[in-house]
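# Coordinate analysis (summary)
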Amino acid sequence: MSTKARYIMIGGFLGAGKTTTVGRLAKHLSDQGLRVGLITNDQAGGLVDTKLLRDQGYATEEIAGGCFCCRFNTLVDAASKLANEAKPDVFIAEPVGSCTDLVATVTYPLRRMYGDAFTVAPLSVLVDPIRARRVFGLDQGGTFSAKVAYIFKKQLEEADIIVISKSDLVDEAQREELREVLAKEFPLAKIVTASPRQETGLDELFASLMTDEQARRNPMAVDYEVYADGEALLGWLNATVTLKADDEFDANAFLKQLALIVQARLQQNGAEIAHFKMTFSPDDGIGGELASINLVRSDYVAELGMELDEPTTGGQLIVNLRAEADPASLMEAVKDGLAEASLNFFGLKATLDHEEHFRPGKPTPTHRDGEVVMEPKGGCKPGSGCC
């Protein structure tokens, strides 16, 4: 291990399995005696991901209000805070799932300005095989419009390592067919297959992230107008809710009912869910005790990731919902879901404490290093400043 800290960024589209992979990598490194600091990122505060990772015991900083590319100085500040408090040997950063152009706007500037403090790992980008097979036309099913798919493909184009994540969801023939398509489309990337949830296929990925160096090549061409339009098609919702009941209730069952109702509302509106995840922390539980649920496609089944062993009388619910839909319709679906699901549990009241619903703004990177292959029309210029 170098005396410099290691900087690892794990990207991928919404719902690709980034948080699970970050958690697995953090545990793998911690088991080797290395100190780990995590940095999560979102367009708004109140992340389920941050809650899940902190409750696993890892020092975690959350950067809200824009992608790492637009919040570069805040990213550096977060790393400095972790360095002062937790003194990590390894920093693991999880960018917003709708963000791309990370090499030119984050890792190249980081290496240029702070190369004496960090070694930079290859950029790994996770891809959900079912989502990818639909985007590349291998399967039918719900998918995104062309401008959102543009972001999805650009994430893969800049990857040093493409990880076919959740590999257990498809059979061997489907995995191989997808691998062939990815290898043809993105010949510069190393392609690995893994299942973070089942903890298979991760050794090769983790070894590469700790020993290999990021490839040095010109940044890819990015049309920031299309990129901005694609992000603006996505609706974003973060909310915190207080649940309080007259009697004990099954929070696991509540999460499943709420997810099912919201999913049905959005399906009626023709919305394609990118990622819908929730955590519930009981007031009367042991510290770190959680229930969580996750949905990554409109036609998928919501899955409980963590479950509570006992019923509860109340606690805090965190809701993160991203879909190709009008943000107001997301808020309406969640409010309707809370009202309807609460009726099925005696004396249960759901109080909305905080919510933000919006479309992401146009990305304006703080820096963009390297040879500019294409200057985006009306977009940011290298070193032009940041939001």
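Now for a quick tour of the structure. Being a predicted model, the structure only gives us computed values, none of them experimental.

### Some details on the pairing of strand 1 (residues 5-12)
Most of strand 1 is tucked away, with eight of its eight residues classed as buried. Residue alternation in strand 1 divides its side chains into two sets, Ala 5, Tyr 7, Met 9 and Gly 11 and Arg 6, Ile 8, Ile 10 and Gly 12, and both sets are buried. Bridge analysis of strand 1 against strand 5 (residues 118-120) gives three bridges, and the strand direction is parallel. Paired with Tyr 7 across the bridge in strand 5 is Val 120.

### With respect to the packing of aromatic side chains
The final tally for this structure, using the stated rule, is 10 aromatic pairs. Aromatic pair Phe 249 and Phe 254: ring centres 6.4 Å apart, planes at 75 degrees, arrangement edge-to-face. The class of Phe 249 is buried, set by a relative accessible area of 4%. According to the relative accessible area criterion, Phe 254 is buried, its value standing at 0%. On the basis of an interplanar angle of 70 degrees and a centroid distance of 6.1 Å, the ring pair of Phe 249 and Phe 345 is categorised as edge-to-face. Of this pair, Phe 249 sits in strand 9 (residues 235-249) while Phe 345 sits in the loop between helix 11 (327-342) and strand 14 (349-358), and the two are 96 residues apart along the sequence. The burial state of Phe 249 is the same as that of Phe 345; both residues are buried. Put simply, the rings of Phe 249, Phe 254, Phe 280 and Phe 345 touch in pairs and so form one group of aromatic residues.

### Some words on the packing of helix 10 (residues 251-268) against helix 11
Running from N to C, helix 10 and helix 11 point in directions that differ by 140 degrees, and their axes come no closer than 8 Å. Regarding the angle of helix 10 to helix 11, the classification is oblique. Helix-helix and strand crossings are classified by hand; for helix 10 and helix 11 the assignment is right-handed. Residue-level contacts link Phe 254, Gln 257, Leu 258, Ile 261, Val 262, Arg 265 and Leu 266 of helix 10 to Ser 329, Leu 330, Ala 333, Val 334, Asp 336, Gly 337, Leu 338, Glu 340, Ala 341 and Ser 342 of helix 11. Counted by class, the contact of helix 10 with helix 11 contains 10 nonpolar, four polar and three charged residues.

### Brief notes about helix 9 (residues 224-232)
The complete set of buried residues in helix 9 reads Tyr 224, Tyr 227, Ala 228, Gly 230 and Glu 231. In an axial view of helix 9, the angular spread of the buried residues amounts to 160 degrees, which keeps them on one side of the axis. The distance from a side-chain oxygen at the start of helix 9 to the backbone nitrogen of Glu 225 is 3.0 Å, and the residue carrying that oxygen is Asp 223.

### Let's talk about the sheet that holds strand 12 (residues 303-306)
Pairing is antiparallel in the open sheet, where six strands are placed in the order 12-11-10-13-9-14. Across the chains shown, the open sheet's two edge strands, defined by having one partner strand only, are strand 12 and strand 14. Neighbour-to-neighbour, the strand axes of this sheet turn through a mean angle of 15 degrees, independent of strand direction. The pairing of strand 11 (residues 291-295) with strand 12 spans three bridges and is antiparallel. Bridging from a neighbouring strand, Ile 293 pairs with Leu 304 of strand 12.

### Some words on a negative patch on the surface
Among the surface-exposed residues, Asp 246, Asp 247, Glu 248, Asp 250, Asp 283, Asp 284, Glu 307, Asp 309 and Glu 310 lie close enough to one another that they form a single negatively charged patch. Mapped onto the elements of the fold, Asp 246 is located in strand 9.

### Quick word on the pattern of salt bridges
In a structure, side chains of opposite charge can pair up when their charged atoms sit close to one another. Applying the stated criterion across every chain, the model contains 26 salt bridges. Salt-bridge contacts for Arg 133 lead to Glu 177; the nearest nitrogen and oxygen are separated by 2.9 Å. Of this pair, Arg 133 sits in helix 5 (residues 129-135) while Glu 177 sits in helix 7 (residues 172-185), and the two are 44 residues apart along the sequence. Taking the relative accessible area as the measure of exposure, Arg 133 reaches 4% and is therefore buried.

### Details of the nonpolar core
Ranked by size, the top nonpolar core spans 56 residues in total, and within it Tyr 7, Phe 13, Ile 39, Leu 156, Ile 162 and Leu 182 carry the most contacts. For Leu 156, the residues in contact, after removing those within four places along its chain, are Val 125, Val 127, Phe 136, Ile 162, Leu 182 and Phe 186. By size, the runner-up hydrophobic cluster in this structure holds 37 residues, among which are Leu 243, Ile 273, Leu 295 and Met 331.

### Description of the environment of Glu 272
With respect to the helices and strands, the residue Glu 272 is situated in strand 10 (residues 272-282). You can call Glu 272 buried: its relative accessible area is 9%. Along the chain, Glu 272 and Glu 310 lie 38 residues apart, while their C-alpha atoms are 34 Å from each other. The residues contacting Glu 272, other than those within four sequence positions of it, are Arg 131, Gly 142, Thr 143, Phe 144, Arg 297, Ser 298, Ala 323 and Glu 324. Among the polar contacts made by the side chain of Glu 272, one reaches the side chain of Arg 131 at a distance of 2.9 Å.

### Thoughts on the environment of Leu 266
Secondary-structure assignment places Leu 266 in helix 10. When the C-alpha positions of Leu 266 and Ala 333 are compared, they lie 6.9 Å apart, and in sequence the two are 67 residues distant. Excluding residues that lie within four positions of it along the chain, Leu 266 makes contacts with Ala 271, Ile 273, Leu 321, Ser 329, Leu 330 and Ala 333.

Here is what the cut-offs are and how they apply
Residues numbered from 1 in each chain as written. Predicted model: local features only at pLDDT ≥ 70, side-chain atom pairs only at ≥ 80, totals over all residues. Heavy atoms only, no water. Buried < 20%, exposed > 50% of the residue type's maximum accessible area, 1.4 Å probe, protein only. Helix = DSSP H or I, 4+ residues; strand = E, 2+ residues; numbered from the N terminus. Pairing = 2+ DSSP bridges. Phe/Tyr/Trp six-rings, centres within 6.5 Å; stacked < 30°, edge-to-face > 60°. Axes fitted to C-alpha atoms, helices over the stretch in contact; angles between N-to-C directions. Parallel < 35°, antiparallel > 145°, perpendicular 65-115°, else oblique. Left-handed = near helix turned anticlockwise from the far one by under 90°. Contact = heavy atoms within 4.5 Å. Nonpolar A, V, L, I, M, F, W, Y, C, P; charged D, E, K, R; others polar. Arc of directions from axis to C-beta. Polar contact = N/O pair within 3.5 Å; in protein donor to acceptor, adjacent residues only side chain to side chain. Patch = residues over 30% accessible without salt bridge, like charges linked within 9 Å, V, L, I, M, F, W, Y side chains within 5 Å. Areas by Shrake-Rupley, 256 points an atom, 1.4 Å probe, with all protein chains shown as cover. Salt bridge = Lys/Arg side-chain N within 4 Å of Asp/Glu carboxyl O. Lys, Arg positive; Asp, Glu negative; His and termini not counted. Charge placed at Lys NZ, Arg CZ, Asp CG, Glu CD. Core = buried A, V, L, I, M, F, W, Y, C linked by side-chain atoms within 4.5 Å.

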